[in-house]
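In case you want the letters, here they are:
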Amino acid sequence: MSLQTFQIKELGGTGIITDASPYIFPFGAWSSARNLRFKEGRVEPFSWNEQLDVSLTHEAAFLLPFKNDDRYNWVIAGYNTVSVWDGTSLVDVTRTSGGGYNAARLVRWQGDIFQGMPVLNNVVDVPQVWKVLSGSTDFEDLPWSATDTWATANNNCHVIRSFGNFLVALRPNLSGTDYEHSVLWSHPADPGGLPPTWDYTDPATLAGLNALSAKGGPIVDGVRLRDKFIIYKEDSV
């Protein structure tokens, strides 16, 4: 029996699919892969893993990599302290105003990178930002407006994510009220900057607050998917 040769274009156009049977995959889809990544329709080797050899003075509850000065740094968040590893040294970047943080095993950190700046959140403390691009040395409270931070405005949230030039706060707690089915988004930020305001009551801004259906339970997280933002609830998406 002679073998046939098939030409498969866009070999990396689909990527990996893990929640379906391989026999129904289109050409260009993969059921698994190791040491590969899919980029712009291509399949290319992926760099090997590198172990971080860091002597910590606090627990590592959350890790967030970001690129600065053409090299990767790691934000290492503990329960009360946040440090950054630049490949050579470990530096304490805990906020200088407000004292240590209040994360715990059941009060978990999460975060994102917004226009090159790490943003952290842990539900109890207000969202934190490290303005590394402007030379800031420590995390600080995320601005709420030109005159307030999230702390002085008495607000926080369960999850904060970036989406384009917007920041999105999921399940915000505003002045002591938990909006467990709502999504709050900022006014868009200028390139390299932070959102100028989150004031959703000001009609002159693009900031907004939207309540979703209570069906499916409270909001638990959100994630970018190309040009869409997918919101996850306890029992629905």
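A. Looking closely at the sheet that holds strand β5 (residues 62-68). With antiparallel pairing, four strands are arranged side by side in an open sheet as β5-β6-β7-β8. The two strands at the open ends of the sheet, each matched to only one other strand, are β5 and β8 (90-92). Each strand axis lies, on average, 25 degrees off the axis of its neighbour in the sheet, ignoring direction. Across four bridges, the pairing between strand β6 (residues 71-77) and strand β7 (residues 82-85) is antiparallel. Paired with I76 across the two strands is S83, which belongs to β7.

B. Broad picture of the sheet that holds strand β12 (residues 140-141). Pairing is antiparallel in the open sheet, where four strands are placed in the order β9-β10-β11-β12. Strands with a single pairing partner mark the edges of an open sheet, and in this sheet they are β9 (110-114) and β12. Sheet topology places strand β11 (residues 128-129) next to β12; two bridges connect them, and they run antiparallel. In the strand pairing of β12, Q128 is matched with D141.

C. Inspection of the pairing of β6 at higher detail. Note: β5 against β6, seven bridges, orientation antiparallel. Of the residues in β6, the one forming a bridge with F66 is N73. What sits between the antiparallel neighbours β5 and β6 is a turn of two residues, in which D69 has the positive phi angle 55 degrees. Connecting the antiparallel pair β6 and β7 is a turn made up of four residues.

D. Region of the structure containing the environment of V129. Looking at where V129 falls in the secondary structure, it is placed in strand β11. Along the primary structure V129 and V75 are separated by 54 residues, whereas in three dimensions their C-alpha atoms are 11 Å apart. Excluding anything up to four places from it in sequence, V129 contacts M117, P118, V119, D138, F139, E140, D141, L142, P143 and L194.

E. Representation of a nonpolar patch on the surface in the model. Together, V220, V223, Y232 and V237 give the surface a local cluster of nonpolar side chains, amounting to about 350 Å² of exposed area. Here V223 shows up in strand β18 (residues 219-225).

F. Geometry of the nonpolar core. Counting residues in each nonpolar core, the largest one holds 18 residues, and the members touching the most others are L142, W144, W150, I160, L184 and W198. Mapped onto this core, the elements with two or more residues apiece are β10 (117-121), β13 (155-163) and β14 (166-174). When near neighbours in sequence (up to four residues on either side) are disregarded, L142 contacts P127, Q128, V129, T149, W150, I160, L167, L194 and W198.

G. Highlighting the packing of aromatic side chains. One pass over the structure, following the stated rule, counts seven aromatic pairs. Aromatic side chains Y101 and W109 sit 5.1 Å apart centroid to centroid with 85 degrees between the ring planes, which places their arrangement in the edge-to-face category. Taken as a pair, Y101 and W109 share a single burial class, namely buried. Each ring, one from W130 and one from F139, has its centre 5.9 Å from the other, and the planes form 40 degrees; the classification is tilted.

H. Looking closely at the pattern of salt bridges. In this structure the tally under the stated criterion is seven salt bridges. The structure contains a network of salt bridges with shared partners spanning R171, D178 and E180.

I. Local environment of the side chain of S83. Mapping S83 onto the fold places it in strand β7. When its relative accessible area of 3% is taken as the criterion, S83 is described as buried. A polar atom in the side chain of S83 sits 2.8 Å from the side chain of H58. Aside from chain neighbours lying at most four places away, what touches S83 is H58, W74, V75, I76, L90, V91, D92 and V93.

J. The confidence of the model for the protein, seen in detail. This prediction gives the protein a mean pLDDT of 88; 95% of its residues lie at or above 70. When the elements of the protein are averaged for pLDDT, strand β3 (residues 36-39) gives the smallest value, 79, and strand β16 (residues 182-185) the largest, 98.

K. Here's a closer look at unusual backbone geometry. Although it is not a glycine, Q115 sits at a positive phi angle of roughly 50 degrees. Looking at the secondary structure, you find Q115 in the loop between β9 and β10. Positive phi, normally seen in glycine, also occurs at S175, with a value near 55 degrees. Looking at the secondary structure, you find S175 in the loop between β14 and β15 (177-178). Overall, S175 belongs to the exposed group, its relative accessible area being 52%.

The rules behind the values
Residues numbered from 1 in each chain as written. Predicted model: local features only at pLDDT ≥ 70, side-chain atom pairs only at ≥ 80, totals over all residues. Heavy atoms only, no water. Pairing = 2+ DSSP bridges. Helix = DSSP H or I, 4+ residues; strand = E, 2+ residues; numbered from the N terminus. Axes fitted to C-alpha atoms, helices over the stretch in contact; angles between N-to-C directions. Contact = heavy atoms within 4.5 Å. Patch = residues over 30% accessible without salt bridge, like charges linked within 9 Å, V, L, I, M, F, W, Y side chains within 5 Å. Areas by Shrake-Rupley, 256 points an atom, 1.4 Å probe, with all protein chains shown as cover. Salt bridge = Lys/Arg side-chain N within 4 Å of Asp/Glu carboxyl O. Core = buried A, V, L, I, M, F, W, Y, C linked by side-chain atoms within 4.5 Å. Buried < 20%, exposed > 50% of the residue type's maximum accessible area, 1.4 Å probe, protein only. Phe/Tyr/Trp six-rings, centres within 6.5 Å; stacked < 30°, edge-to-face > 60°. Polar contact = N/O pair within 3.5 Å; in protein donor to acceptor, adjacent residues only side chain to side chain. pLDDT = per-residue confidence, 0-100.

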